[in-house]
Amino acid sequence: MRRILPVDMVERGHGPFDPPPGLRGEGAVRPLGLLNGARAWLVTGFEEARTVLADARFSADKVRHREATSLQPHEVAEMEAASAKREDGIFVLMDPPEHTRLRGLLTGQFTVRRMRELESRVTEIAVEHIEAMKAAGTEADLVPAFALPLPSLVICELLGVDYADRAEFQERTAVGMNANSAPEEQASARAGLYAFMRRLVAGKRSNPADDLLSGLVHDADSALTDAQLVDVALVLLNAGHETTANMLGLGTFALLEHPDQLAALRADPGLIDNTVEELLRFLSIIQLGVSRVATEPVTLGGVDIPAGATVVIATPEVNRDPRYWPDPDALDLRRSRTPHLAFGHGVHQCLGQQLARVEMRIGLGELISRLPDLRLAVPAEQVPLRNEMLIFGVHSLPVTWS
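Along each chain, the written sequence defines residue order, and numbers are assigned to residues from 1. A pLDDT threshold of at least 70 governs which residues receive local features in this predicted model, and a stricter bar of 80 or more applies before side-chain atom pairs are shown or counted, although totals over entire chains, interfaces and linings include all residues. The side-chain values count all of the structure's non-hydrogen atoms but skip hydrogen atoms and water molecules.

J.: It is not clear to me how helix H10 (residues 226–256) should be interpreted in this structure. Could you clarify?
T.: Along an α-helix, a turn takes 3.6 residues, which lines up residues three or four apart on a common side. Think of it this way: any DSSP run of H or I at least four residues long counts as a helix, any run of E at least two long counts as a strand, and we number them from the N terminus. What a helix should span is 1.5 Å times the count of its residues minus one. Helix length check: H10 (31 residues) gives 45 Å between terminal C-alpha atoms against 45 Å at 1.5 Å per residue, within 8%. Burial classification: accessible surface area is computed with a 1.4 Å probe over protein chains only, and a residue below 20% of its type maximum counts as buried, one above 50% as exposed, and the rest as partly exposed. For H10, the tally of buried residues reaches 26 of 31 residues, placing the bulk of the element in the interior.

Now the structure itself:
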């Protein structure tokens with residue numbers, strides 16, 4: 001999708017914490033012209049976006065319902081060939097009842113015990129990496145030193161991935177998530193990721209452990225094929241580190257650039273839960289990747305959407321709907337907590353959202369308390385933004401402390 005959107009719809013260079021300027025316009029639902037000549041519908045209103053995400057007439061199944069953003073001939077052929085029966089495990093691109101079955105199996109693996117154990121582990125990992133930064137001097141790039149390894153370690157432990165394999169996984173994922181990567185580079189990266197995960201699934205079949213993937217492999221009720229297990233694991237591994245890592249990096253950047261808000265948090269650590277929710281709303285790092293296909297004519301926000309139309313949800317703008325939030329462009333850590341759509345809504349709402357909240361709450365809390373004078377080591381305009389990536393954030397965040 002990134003390749004066929006106008007630049008002002010995806011790049012945030014003018015203000016790194018604000019939605020791309022092209023998302024601003026008249027109407028909560030409006031036509032969106034794509035660079036390939038196709039037309040979609042852009043949703044920027046909060047209630048309208050919630051409706052799309054909760055209404056079964058808007059399908060997430062990109063196999064059965066080809067969207068306006070997928071016009072490559074070979075992709076169309078693959079989709080049509082697979083449309084009769086879904087045998088993959090990419091549950092985020094499924095509708096009920098297939099989605100319901102796969103998500104139900106995963107929900108059963110996110111046990112209270114496992115989440116409690118991970119919470120204490122998140123604290124250990126956060127403290128370990130912050131202390132390592134301090135021991136190495138008074139400067140660091142926060143992304144590789146802290147923001148990336150924290151959620152990476154956690155999701156690796158949750159799934160049972162050997163941490164020694166993390167570098168290979170992250171390198172291939174970065175290529176796949178880069179909208180500017182050549183098609184052959186992305187294909188190679190995907191092939192490598194699938195081979196990586198097939199080895200992992202095979203290992204869990206022969207040597208199960210106390211991890212989520214082993215639980216799925218040996219759950220008598222699941223009967224998932226190896227191909228489905230590979231897909232499920234890749235979805236979780238991608239979602240479990242890429243998004244939270246960028247929220248930690250970009251969230252720290254936002255706090256450092258809003259010193260009054262950071263001072264309020266330092267003065268009242270009890271604000272940390274509110275801080276996490278406000279950063280999720282304010283930053284909304286999922287850009288224009290959330291889309292649905294109308295399976296029948298629908299009237300949305302007073303606009304008629306034809307059957308077969310692609311509907312694109314502009315999450316950064318949706319989470320700043322002035323009809324829903326007062327002064328939505330301000331970062332206000334004391335803002336009354338109201339629902340946002342950073343984790344989506346409806347049956348596809350993010351399965352790991354509570355884990356992401358834990359990682360942000362503990363990660364940001366430990367960072368601020370253990371580095372009380374943390375600040376940028378470069379001017380804010382020199383911080384490189386991830387405009388070319390499907391998940392927004394910063395490539396690096398040079399910081400310093402006394």
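J.: So what exactly am I meant to see when it comes to the nonpolar core here?
T.: For soluble globular proteins, the rule of thumb is that nonpolar side chains tend to be buried together. To define a nonpolar core, start from buried Ala, Val, Leu, Ile, Met, Phe, Trp, Tyr and Cys residues and group those joined through side-chain atoms within 4.5 Å. Phe253, Leu279, Leu283 and Leu397 are the most contacted members of the largest nonpolar core, which totals 87 residues. Tallying contributions element by element places H10 first for this core, with 15 residues. Not counting chain neighbours up to four residues away, the residues in contact with leucine 283 comprise Arg12, Phe17, Met247, Leu250, Gly251 and Ala254. By the convention used here, residues are in contact when the closest approach between their heavy atoms is within 4.5 Å.

J.: Teacher, can you tell me more about the pattern of salt bridges here?
T.: Should their charged atoms come close, side chains of opposite charge can pair. By definition, a salt bridge exists where a carboxyl oxygen of Asp or Glu is found within 4 Å of a side-chain nitrogen of Lys or Arg. Evaluated as defined, the whole model comprises 27 salt bridges. The partner of glutamate 278 in a salt bridge is arginine 335, and the shortest N-O contact between them spans 3.1 Å. Note that glutamate 278 is positioned in helix H12 (residues 272–283) and arginine 335 in the loop between helix H13 (315–318) and helix H14 (353–370), a separation of 57 residues in sequence. Assessed through its relative accessible area of 3%, glutamate 278 is described here as buried.

J.: Please explain empty space enclosed by the protein as it appears in this structure.
T.: Empty space among the atoms becomes visible once a probe the size of a water molecule is rolled across them. The way it works is a 1 Å grid over only the protein atoms, where trapped points that fit a 1.4 Å probe form a cavity and open points with protein on both sides within 12 Å along at least five of seven lines form a pocket, and then any residue with an atom within 4 Å of a point lines it. Grid points are joined across faces, edges and corners, and a volume is the space filled by probe spheres set on the points. For the structure on display, the rule yields 2 cavities of 30 Å³ or more. Approximately 80 Å³ is the volume attributed to the largest cavity. What lines the largest cavity is simply Asn274, Glu277, Glu278, Arg281, Trp325, Asp332, Leu333, Arg335, Ser336, Arg337, Thr338 and His340. Its residues assigned to classes, the lining of the largest cavity shows 2 nonpolar, 4 polar and 6 charged. The calculated volume of the second largest cavity comes to roughly 50 Å³. The wall of the second largest cavity is formed by Thr252, Leu255, Leu256, Leu262, Arg266, Leu364, Leu367, Ile368 and Leu374. Breaking the lining of the second largest cavity down by element, the ones donating at least two residues are H10, helix H11 (259–267) and H14. A breakdown of the residues in the lining of the second largest cavity according to their chemical character gives 7 nonpolar, 1 polar and 1 charged. Note that Gly is not counted as nonpolar here; it falls among the polar residues with everything else outside the nonpolar set of Ala, Val, Leu, Ile, Met, Phe, Trp, Tyr, Cys and Pro and the charged set of Asp, Glu, Lys and Arg.

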